[in-house]
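# Observations on chain architecture
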Amino acid sequence: MARRAITFDRAARICFGIALAAAIAALLYYLRNALLPFGIGCLIAYMAEPLVQWNMRLTHLRGRMVPVFLTVFEITVVVGGVVAIFLPEFIDDCHKAGELFHRYADTGLDATFLPAWLHRLVHSNLDLHDIGRLLHDSDMQQALGQVGHFLSGGLDAAGTMLSGIMVILYVVFILVSYPSIMQGLRNIVPPRWRHISNPLITDISTTMKRYFRTQAMIAAAVGVGYGVGFSIVGLPMAAAWGVFNGVLYMVPYVVYLTIVPVTLLCIVVSLDGGATAFWTLWGECMAVYAVVQLTADNYITPRVMSKSMNLDPAVILLSLSVWGTLLGLLGVILALPLTTVASVYYRRHILGESDAK
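Rules and cut-offs
- Residues numbered from 1 in each chain as written.
- Predicted model: local features only at pLDDT ≥ 70, side-chain atom pairs only at ≥ 80, totals over all residues.
- Heavy atoms only, no water.
- Helix = DSSP H or I, 4+ residues; strand = E, 2+ residues; numbered from the N terminus.
- Buried < 20%, exposed > 50% of the residue type's maximum accessible area, 1.4 Å probe, protein only.
- Areas by Shrake-Rupley, 256 points an atom, 1.4 Å probe, with all protein chains shown as cover.
- Axes fitted to C-alpha atoms, helices over the stretch in contact; angles between N-to-C directions.
- Parallel < 35°, antiparallel > 145°, perpendicular 65-115°, else oblique.
- Left-handed = near helix turned anticlockwise from the far one by under 90°.
- Contact = heavy atoms within 4.5 Å.
- Nonpolar A, V, L, I, M, F, W, Y, C, P; charged D, E, K, R; others polar.
- Disulfide = S-S within 2.5 Å.

## Digging into the overall build of the protein chain
- Of the regular secondary structure elements, the protein chain holds 14 helices and 0 strands.
- Seen in sequence order, the protein chain has helices and strands lined up from the N terminus as α-α-α-α-α-α-α-α-α-α-α-α-α-α.
- In the protein chain, which comprises 357 residues, the proportion classed as buried is 34%.
- As presented, the protein chain carries roughly 21200 Å² of accessible surface, and 70% of it is formed by carbon and sulfur atoms.

Shown next, in the form of structure tokens:
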């Protein structure tokens, strides 16, 4: 294929495109906290759209208003039921874990079985009394407040409530206008560029559907696996760890970071049993990690997730860093599908490669 000559006009267009991309990136970075509720609302609406379609078929209604509110009600009932079932047990386990952390903070370095340097490292870098107080004094209101504080990006209580309300409103309005929004994304591009934009929008939609909806089902299975496994080995807060690890599985490799707090919890739980109890409990927890991750990565994911989503681990970690820096939590959530779309677009339209390779 003949190379196109670098003319002044083409160079100016390239420079303008780079400047425009940099300006958009800077604007997204500046507005990342304000965009987080909107991004979460879009993500929830996108994942809930199949349920809206199912409710439309169930109710035989052509309009979307009633099916949308029915969908929101169903989601609220399911989430509320899960919280009502597991949150009291989680809080009780938090109280027990808090007492263990207090005991570990008060014991001398010779009272436990691991090397002294490791205990000095833990005691010097972690406020164990503060962790124990946080866990022991936690209640339902505080637990929900901590979740809201995290999702709101560290805003105050009023900001947290406002962010939660905004997410719900975004979900409702996006679901009600979902078909027109999708069509509007295609029509916003000038007609002479639609031969490029329409396939790109289709690729984004397909990739998002393949990643978020499929990965959510895999993450749910992973969460159940961790919860059951940790319950069998007797780790405190097993259900909470299962939910937490299932959510983290949505972002590749991040779930392995929880090995550190799990190890610390094994230490404090094993105070009475000594080295034997620690190594037994820790080994069983590592076996849970191995079984769940190997099953998910080598059996479940390859069979339900298209191979086109596979990226090099180094590229995945780089994309998490870049998109996370640019858009914060929203960037971490969108990093993999956006990188996959960019990779497919680059191979197809820049390198001219065929998808059938």
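## So, the packing of helix α9 (residues 194-233) against helix α10 (residues 238-248)
- At a closest axis distance of 7 Å, the pairing of α9 and α10 adopts a crossing angle of 155°. What the angle tells us is that α9 and α10 run roughly antiparallel. For α9 against α10, the interelement crossing comes out right-handed. Of α10, the residues touching α9 (which contributes Ala-219, Gly-223, Tyr-226, Gly-227, Phe-230 and Ser-231) are Ala-238, Trp-241, Gly-242, Asn-245 and Gly-246.
- When its residues are assigned to classes, the contact of α9 with α10 shows 5 nonpolar, 6 polar and no charged.

## Description of unusual backbone geometry
- Phi is positive for His-60, close to 60°, though the residue is something other than glycine.
- The topology assignment puts His-60 in the loop between α2 (32-59) and α3 (65-106).
- By relative accessible area, which is 70% here, His-60 ends up exposed.
- Of note, Met-237 is a non-glycine position whose phi angle comes to about 60°, a positive value.

## Description of the environment of Cys-42
- Structurally, Cys-42 can be placed in helix α2.
- In this structure Cys-42 comes out as partly exposed when scored by relative accessible area, which is 26%.

## Overview of the state of the cysteines
- One pass over the structure, following the stated rule, counts 0 disulfides.
- Free of any disulfide, Cys-285 has its nearest neighbouring cysteine sulfur in Cys-266, separated by 3.8 Å.
- When its relative accessible area of 0% is taken as the criterion, Cys-285 is described as buried.

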